[in-house]
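What follows is each chain in one-letter form.
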Amino acid sequence: MSSELLVELGEDPATAQLEQLKLTTIEDQQWPPDESTLTKSETDVSQRFDAGSPHLPWDHPFYDIARHQIIEVAGDDNFGRKVIVFNACRMPPHHQLDHHKLLMYLKGTLDQYVESDYTLIYFHHGLTGENKPSLSWLRDAYREFDRKYKKNIKALYIVHPTMFIKTLLFLFKPIISFKFGRKINYASYLSELEDVVKCEQLLIPARVKEYDNKLRASLKPTGQPPTSPLHSPPLPNQVFGVPLAILRQRNPDEDPIPLVMRDTISFLSEQGLEIEGIFRRSANVTLVKEVQLRYNSGEPVSFTEMEDIHLAAVILKTFLRELPEPLLTYQLYNDIINFTSVSSDSQMALMKTLVESLPEENAASLRYLVTFLAQVSANSEVNKMTNSNLAVVFGPNLLWGRDNAMSLSAIGPINNFTRTLLDQQHLVFT
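Reading the values: the criteria
- Residues numbered from 1 in each chain as written.
- Predicted model: local features only at pLDDT ≥ 70, side-chain atom pairs only at ≥ 80, totals over all residues.
- Heavy atoms only, no water.
- Salt bridge = Lys/Arg side-chain N within 4 Å of Asp/Glu carboxyl O.
- Buried < 20%, exposed > 50% of the residue type's maximum accessible area, 1.4 Å probe, protein only.
- Helix = DSSP H or I, 4+ residues; strand = E, 2+ residues; numbered from the N terminus.
- Pairing = 2+ DSSP bridges.
- Axes fitted to C-alpha atoms, helices over the stretch in contact; angles between N-to-C directions.
- pLDDT = per-residue confidence, 0-100.
- Contact = heavy atoms within 4.5 Å.
- Core = buried A, V, L, I, M, F, W, Y, C linked by side-chain atoms within 4.5 Å.
- Parallel < 35°, antiparallel > 145°, perpendicular 65-115°, else oblique.
- Left-handed = near helix turned anticlockwise from the far one by under 90°.
- Nonpolar A, V, L, I, M, F, W, Y, C, P; charged D, E, K, R; others polar.
- Phe/Tyr/Trp six-rings, centres within 6.5 Å; stacked < 30°, edge-to-face > 60°.
- Expected span 1.5 Å × (residues − 1).
- Arc of directions from axis to C-beta.

*Asks:* Could you give me a rundown of the pattern of salt bridges, with the residues and numbers involved?
*Replies:* Inspection of every chain in the model, using the stated rule, returns 14 salt bridges. Where Lys82 meets Asp76, a salt bridge forms, and the shortest distance between an N and an O atom there is 2.6 Å. Pair check on accessibility: Lys82 and Asp76 agree, each one buried. Put simply, Glu322 and Lys198 hold a salt bridge, and the shortest N to O gap is 3.2 Å. Here the residue Glu322 occupies a position in the loop between helix H14 (309–321) and helix H15 (333–337), and Lys198 occupies one in the loop between strand S5 (184–187) and helix H9 (206–218), the gap between them amounting to 124 residues. Taken together, the shared-partner salt bridges in this structure form one network comprising Asp117, Lys154 and Arg281.

*Asks:* Give a description of unusual backbone geometry that names residues and reports values.
*Replies:* Positioned with a positive phi, Gln69 is a non-glycine residue whose angle comes to about 55°. Within the element layout of this structure, Gln69 appears in the loop between helix H3 (63–66) and strand S1 (71–76).

*Asks:* Tell me about the sheet that holds strand S2 (residues 82–87), residues and numbers included.
*Replies:* Pairing in this open sheet of five strands is mixed, and the strands run S1-S2-S3-S4-S5 from one edge to the other. Bordering the open sheet on either side are S1 and S5, each of which pairs with just one other strand. Between one strand axis and the next, the sheet turns by 20° as a mean value, whatever way the strands run. For S1 and S2, the ladder comprises four bridges, and the chain directions are antiparallel. Each bridged residue has a counterpart across the sheet, and for Val73 the counterpart in S2 is Ile84.

*Asks:* How would you explain the confidence of the model for the protein chain if you had to name every residue and give the values?
*Replies:* For the protein chain, the average pLDDT comes to 80, and 78% of its residues sit at 70 or higher. The model gives residues 1–54 a pLDDT under 50, and that stretch makes 118 contacts with residues more than four places away or in other chains.

*Asks:* Break down the nonpolar core for me, citing the residues and quoting the values.
*Replies:* Leu268, Phe279, Leu316, Phe319, Leu320, Leu369 and Phe394 are the most contacted members of the largest nonpolar core, which has 60 residues in total. What Phe319 contacts, discounting residues up to four positions off in sequence, is Val239, Phe240, Leu244, Leu247, Pro258, Val260 and Met261. Counting 36 residues, the second-largest nonpolar core is a separate cluster that includes Leu103, Tyr105, Phe180 and Ile411.

*Asks:* Outline the packing of helix H12 (residues 285–296) against H14, supporting the account with residue identities and numerical values.
*Replies:* Pairs of packed helices are described in terms of their axes, by the angle between the two and the distance that separates them. Relative orientation of the contacting elements H12 and H14 amounts to 60°, with a least axis distance of 10 Å. Taken together, the axis directions place H12 and H14 in an arrangement best described as oblique. For the crossing formed where H12 meets H14, the hand is right-handed. Residues Leu287, Val288, Val291, Gln292 and Tyr295 of H12 form the contact with H14, whose own contacting residues are Leu311, Val314, Ile315 and Thr318. By residue class, the composition of the contact of H12 with H14 is seven nonpolar, two polar and no charged.

*Asks:* Tell me what's going on with the packing of aromatic side chains, and back it up with residues and numbers.
*Replies:* A complete count under the given rule lists eight aromatic pairs for this structure. Ring geometry for Phe240 versus Phe319: centroids 5.9 Å apart, planes at 80°, classification edge-to-face. Of the two residues, Phe240 is situated in the loop between H9 and helix H10 (244–250) and Phe319 in helix H14; the sequence distance between them amounts to 79 residues. Judged by relative accessible area, Phe240 falls into the buried class, the value being 3%.

*Asks:* Got a sec to walk through helix H11 (residues 259–271)? Specific residues and values, please.
*Replies:* Look at H11: 18 Å from first C-alpha to last across 13 residues, which is about the 18 Å you get at 1.5 Å a residue. Among all positions in H11, only Val260, Met261, Thr264, Ile265, Phe267 and Leu268 are buried. Taken end-on, H11 shows its buried residues confined to a sector of 165°, consistent with a single buried face. Its buried side turned inward, H11 meets H12, helix H13 (303–306), H14 and helix H17 (360–378).

Below you can see the structure in the form of structure tokens.
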């Protein structure tokens, strides 16, 4: 959770009140003191943390944390923001978890994304007296997560909130800034997240889904929460969520490059190359929906008239993410995930072979996109978007698994492949 929600509990008079609260029906237990406290040197993990390492080998310093899948990155939300998920139910009993490492793992994960706008989703169900962290851990987290981590968080969603979490936020409302307080949202049911992120792309634990179903079943018929929206048949001119092959067939000249990609990239090539943090910012929610509706209705869209660079950037990412099959296709998923295991001498030949195996419209669209991104990185001294930064942004939008989910173990190899593709694009597409 964000540091603004955490306080010096051990030194606050509200602590006594908090100790009275029950997290679940499980009987509360005493929290033993931490075995160690954090020092500045211990918390400086930027040089040795790699949350995206392929499956984190057993001797990796964070293997014992990563294997629990407490923290996950779930691609982008509906508005182009990275989604970080924290699963309370996956925390083992406190005596089986190194909370110092958990804090470092969380910090290391966020370090990769805090320069961009991001959304934090906290699944609260499953936090019990057996696995809740200690008060001193909360104090350390409060000290560790400074303004760098708070600045670009655009929304915090607390899913299945209990009286404990609501009371916690109420007690410390005076120290939470008004600006940040507006970012906090409660979601009593999973369906309430659909306006923000597609739930199928989240790695939602089975326990959380079962709990959500029980909550629904316990309600009277008239009090049922809204269900996830049904997928309606596509409009005649539907653009988002339509296969590239169909979009090509609709085009009078059968141009393999989709209209949305041509519009956004053309506009960004002219006006966005020198915008600092391009592709890292989100856009106005209403405008994003409006532009999508206009495209899906067959109406012309002029980004020049809207004068919003970040809107065009978000629409481009959204279009890629909503493709029924990723631009790099499911067929190449395993090859790309295992790309780093190939010897460096063979990687270029393999990458070229993989790209050439793509359907024609996919290969043409990929080349069009990568050529543009090469222009963006060529201006990285101004816009701060190097190939590595662009890979972090676009990797999850170019490839994902058939279940739409994206785990940290998969993001690393996908981003690495994307970065290598950008680095070697002049050789791959010759």
